[in-house]
Amino acid sequence: MIRFWQKIYAKNDNIKAYSLLLPALILVILAMASPMLLTVVTSFHTQVSMIEIDTTLTFDRYKDFFSRPVYTMLLVRSIKISFFVTLVTLITTYPLAYYIAFYVKKNKMLWIVLMTLPFWTSYLLRVFSWKVILGHKGVINSALIASGMIGEPLSFLIYSQTAVVLTLAHAWAAFAILPLYVSLDKIDKSLLEASYDLGNTKFETFWRVTFPLSLPGVIGAILIIFIPTVGDYVTPQLVGGTDGRMLSNMIQSLFGRANNFPLGAASAVLMLLSVSFVAVVVTYITRKVSLRMS
Amino acid sequence: MYNKNNILFFYAIVYFAFLYIPVMLLPVFSFNDAIHMVFPLKGFTLKWYDQMIHSSRLHRALMNSVKVGVIASIFSTFIALLAAKAFTKYKVKLRQLSYGAILLPFVIPEIIIAVSLIVLWTGMGLQLGLVPVTISHILFCTPFCMLVLISRMEGFDRNLEEAAMDLGENAWGTFWRVTFPIALPAIVASLLLSFVISFDEFILAFFLSSQDQTLPLYMWGQLRFPKKLPHVLALGAVIIVATSIIVMLSYWLRNLGSPSDKKSNIGGI
């Protein structure tokens, strides 16, 4: 019997491969898929008292979510903020990735390491640092006042959606630089020369050749920045103020002080659904555009 | 054609400053002889470092973080090594699906993974604490380790393994005497990087740890109190320097012994 299985095992690469993949798949199923499934189920329950949950299935939590304007507003705002974070990060890092890919000749690796190093240093402290920079008594305000340029601190710097976007664009820069750089660096330089030989200007070459070929990197950056930042908690908490509060801050209180697991679960489910929807749409549109361009 | 571009170079320098100034600010103020973080700087002092060294709650949080980080990095690297092996050696059926499934925890908003684990954990009647934190960190680090390992294992010559087999090594011997030594720098890099990720991770720990604080949670708790702030800055400065060294080391390891034309191999991240 054992021989029989050994024979099958030796012959079938798929079984071999999946026995190697087993621990990783078990991990994903036990620690991610089943908890998430349970969360979906919980979103159809009702919190009766502090500890008691009525497990009769109902859509009421979703009705609750959409009947209270603040929830919908926070969801829309979270998506809006993430959209701008992704946009700002892409626009600010693209020239940089372009520069490293095409103009840096020596020590490319060093450039990449230096550009991604800050990403590894404590996320919490980086966000906190922005609070210090933008704060009412912060670095910018105290420096401006000391230099006599302003008398009163500028209050619009912190506790706003702009502050959240700026801080997140800084925190997630590495996730844009790397995929952009990788896709730009792969581009065959002879294609660009061919484009020049055909009489295209530098700008035309960029728009017709370089940019379309870098779109896989752009899509990668969009997905890896847009999806996680929708659920960011620390940044809105530290620099967002009331104007910059996001859905995750609400979810946190539903699982904490407000103690309403089902409504928290429904919020989490809606966050995941809407972010997946936007991600699919964005990828689809970008693919279409890249097909048309090339 | 692409020799110089002063505008882009200038832009790169400006962006570089934008990236580094917020990070460098904390170490600068950690030596400042004042409680509030305002310019101009008052004077040089080491007292915040002294305060940091003598905080027993900080020590406990540090030990918790190290415990979680070491266990999470070992488990995630091991799980990722097996998966990387499967993806680089075999033509796996449903490759995209399983690859995507394993990478998913890295992309999904952490808060969703965190609350789902709360629902599961409390649903099973278990106490939150460092155990669910560690599990969530293993889940979060594994995709990352896998990318690091795959980028290394894709590069090397499969003939070496076949040669070992032909010379009479069994599968285990081949793995142990050929594959493992070749992948070793990447394995160490994966251990180091996943440790850094776990060590810095805030959201999962924030939701799942209950009473047992990890270091980021300790810092979070102190940020609210202005008087406690300076010693958090000192701690932050130490963390920044230590993680930078670890990350540099792991980048160096990942390029160790790879062919020179693949020196800029940064696959995955």
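Description of the structure in this document. (Residues numbered from 1 in each chain as written. Chains lettered and ligands numbered in written order. Predicted model: local features only at pLDDT ≥ 70, side-chain atom pairs only at ≥ 80, totals over all residues. Heavy atoms only, no water.)

A few words on the overall build of chain B. Of regular secondary structure, chain B possesses eleven helices and zero strands. Reading the helices (α) and strands (β) of chain B from amino to carboxyl end gives α-α-α-α-α-α-α-α-α-α-α. Principal axes of the C-alpha set define a box for chain B whose edges measure 70 × 65 × 30 Å. Here chain B holds 269 residues, and the buried ones make up 55% of them. Across chain B, every contact between residues at least 6 apart in sequence was considered, and the portion connecting residues at least 24 apart equals 70%. About 12,500 Å² of surface is accessible on chain B, with carbon and sulfur atoms providing 69% of the total. Of the charged side chains in chain B, 20 are positive and 13 negative, and the gap between their average positions amounts to 7 Å. (Helix = DSSP H or I, 4+ residues; strand = E, 2+ residues; numbered from the N terminus. Buried < 20%, exposed > 50% of the residue type's maximum accessible area, 1.4 Å probe, protein only. Contact = heavy atoms within 4.5 Å. Areas by Shrake-Rupley, 256 points an atom, 1.4 Å probe, with all protein chains shown as cover. Lys, Arg positive; Asp, Glu negative; His and termini not counted. Charge placed at Lys NZ, Arg CZ, Asp CG, Glu CD.)

All names here are of chain A. This structure, assessed with the given rule, holds three salt bridges over all chains. Ionic pairing is found between Asp 60 and Lys 63, a salt bridge with its closest N-O pair at 3.7 Å. Taken together, the positions of Asp 60 and Lys 63, both in helix α3 (residues 60–67) and three residues apart, correspond to about one turn of that helix. Here Lys 108 ties to Asp 185 by a salt bridge, and the two come within 3.0 Å at their closest N and O atoms. Residue Lys 108 is located in helix α5 (residues 108–120), and its partner Asp 185 is located in helix α9 (residues 173–186); the two are separated by 77 residues in the primary sequence. Given a relative accessible area of 19%, Lys 108 falls into the buried group. (Salt bridge = Lys/Arg side-chain N within 4 Å of Asp/Glu carboxyl O.)

Before going further, it helps to examine the state of the cysteines. Residue and element names in this part refer to chain B. Summed over all chains, the structure comprises zero disulfides over all chains. In this structure Cys 141 is a free cysteine whose sulfur lies 5.8 Å from that of Cys 145, the closest cysteine sulfur available. We classify Cys 141 as buried; its relative accessible area is 1%. (Disulfide = S-S within 2.5 Å.)

Here the focus is the environment of Leu114(A). Its place among the elements puts Leu114(A) in helix α5. Not counting chain neighbours up to four residues away, the residues in contact with Leu114(A) comprise Phe16(B) and Tyr20(B).

With that settled, the discussion passes to helix α8 (residues 161–171) of chain A. Within α8(A), nine of the eleven residues are buried, leaving the element largely enclosed by the surrounding structure. Of the residues making up α8(A), those classed as buried are Gln161(A), Ala163(A), Val164(A), Val165(A), Thr167(A), Leu168(A), Ala169(A), His170(A) and Ala171(A).

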